[in-house]
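Per-entry structural report
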Amino acid sequence: MVSLSYRRYRFPPPIIHHAIWLYLRFILSYRDVEDLLAERGLELSYETVRLWVLKFGPVIARRLRRRRPRPSDRWHLDEMVVRIAGKRMYLWRAVDHEGEVLDTLVQRRRHSRAALRLMRKLLKKQGFAPKLLVTDKLRSYASAFRRLGLSCPHEQGLRMNNRAENSHQVVRRRERKLQRFKSARSAQRFLSMHAAVHNTFNLQRHLVSRSTLRIFRAEAAAQWLEAVAAA
């Protein structure tokens, strides 16, 4: 496991962790995080926050993913158009039926090879095959499904994939706040970190009682503290 070293940093680890959590957890820019910390008497630059996120964010995200329970075996796959550096690209995403983000992949094309790449990456990362695969009517999914030789049912329909369609809304809000992604690499890196934090703190509060929500919040906070603890 990669350890987090805070040597030669002016601020203590809890402040660094809090800044990273604010940026990845809420729809904030680096300057917004700078202003929130300044309100607490912490004078630092938004560039400092950016460097903290780039250095520590991927490690924390990997630790959070390792602490997540096994996701559902009902997967929803979908793709959305994103503008990156003036070019039209596609963000392929996979979620389970409870909204857990399984994987994301930024690609230039929307053909069968792109769908195959997503599905191969997804199967390798999760380590098991789904019992149900739901997609829209894009033929690329059916082609990739046949090439992989999956035996699970494959459902396609106009409204069957609303779970994946709705999960795009969080990404769209972040995309607007960031004034679009600057490069495919930076988009892939940010979305990977964001998905790990989103999965941890996505508590489905409209489905549980207030007392249960408090328990879930405590568990999510404990997962975060374990992930940022120095090894």
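Residues numbered from 1 in each chain as written. Predicted model: local features only at pLDDT ≥ 70, side-chain atom pairs only at ≥ 80, totals over all residues. Heavy atoms only, no water.

Another aspect to go through is the overall build of the chain. Regarding its fold elements, the chain presents eight helices and five strands. Listing every helix and strand of the chain by position from the N terminus yields α-α-α-β-β-β-α-β-α-β-α-α-α. At 19 Å, the chain has a C-alpha radius of gyration in line with the 17 Å of a compact globule built from 231 residues. Across its three principal directions, the C-alpha atoms of the chain cover 55 × 45 × 35 Å. With 231 residues in all, the chain has 46% of them scored as buried. Considering only contacts within the chain whose residues lie at least 6 apart along the sequence, 58% involve residues at least 24 apart. Working note: accessible area of the chain is about 13,000 Å², and carbon and sulfur atoms make up 50% of it. Counting 49 positive and 19 negative side-chain charges, the chain places the averaged centre of each group 6 Å from the other. (Helix = DSSP H or I, 4+ residues; strand = E, 2+ residues; numbered from the N terminus. Rg over C-alpha atoms; globule rule 2.2 N^0.38 Å. Buried < 20%, exposed > 50% of the residue type's maximum accessible area, 1.4 Å probe, protein only. Contact = heavy atoms within 4.5 Å. Areas by Shrake-Rupley, 256 points an atom, 1.4 Å probe, with all protein chains shown as cover. Lys, Arg positive; Asp, Glu negative; His and termini not counted. Charge placed at Lys NZ, Arg CZ, Asp CG, Glu CD.)

Time to look at the packing of helix H3 (residues 46-67) against helix H8 (residues 210-228). Put simply, H3 and H8 touch, their axes get as near as 9 Å, and they point 130° apart. The pairing of H3 with H8 is recorded here as oblique in orientation. Both H3 and H8 take part in a crossing whose hand is right-handed. Here Ile-60, Arg-63, Leu-64 and Arg-67 of H3 come into contact with H8, specifically with Gln-223, Trp-224, Glu-226, Ala-227 and Val-228. Within the contact of H3 with H8, the residues separate by chemical class into five nonpolar, one polar and three charged. (Axes fitted to C-alpha atoms, helices over the stretch in contact; angles between N-to-C directions. Parallel < 35°, antiparallel > 145°, perpendicular 65-115°, else oblique. Left-handed = near helix turned anticlockwise from the far one by under 90°. Nonpolar A, V, L, I, M, F, W, Y, C, P; charged D, E, K, R; others polar.)

A full pass over the atoms with the stated rule returns one cavity of 30 Å³ or more. In this structure, the largest cavity occupies an estimated 30 Å³ of space. What lines the largest cavity is Trp-75, Leu-77, Met-119, Leu-122, Leu-123, Pro-130, Leu-133 and Leu-150. Secondary structure elements with two or more residues in the lining of the largest cavity: strand E1 (74-84) and helix H4 (112-126). Sort the elements by how many residues they give to the lining of the largest cavity and H4 lands first, with three residues. In the lining of the largest cavity, the residues fall into eight nonpolar, no polar and no charged. (1 Å grid on protein atoms, 1.4 Å probe; cavity = no way out; pocket = protein on both sides within 12 Å on 5 of 7 lines; lining within 4 Å. Points joined across faces, edges and corners; volume = space filled by probe spheres on them.)

The alternating pattern of strand E4 (residues 132-135) places Leu-132 and Val-134 and Leu-133 and Thr-135 on opposite faces, both of which are buried. Bridge analysis of E4 against strand E5 (residues 154-156) gives three bridges, and the strand direction is parallel. Bridge pairing links Leu-133 to His-154 in E5. Taken together, E4, helix H5 (residues 139-148) and E5 form a β-α-β motif whose crossover is right-handed. (Pairing = 2+ DSSP bridges. Right-handed = clockwise from strand over helix to strand, strands pointing away.)

Its boundaries defined by the atoms lining it, the largest pocket holds a volume of some 700 Å³. Around the largest pocket sit 28 residues that line it, and Val-170, Arg-173, His-198, Asn-202 and Gln-204 are the ones nearest its centre. Breaking the lining of the largest pocket down by element, the ones donating at least two residues are helix H1 (13-25), strand E3 (101-107), helix H6 (162-177) and helix H7 (184-201). By residue number, the principal contributor to the lining of the largest pocket is H6, which donates eight residues. Residue classes in the lining of the largest pocket are distributed as 11 nonpolar, 10 polar and seven charged.

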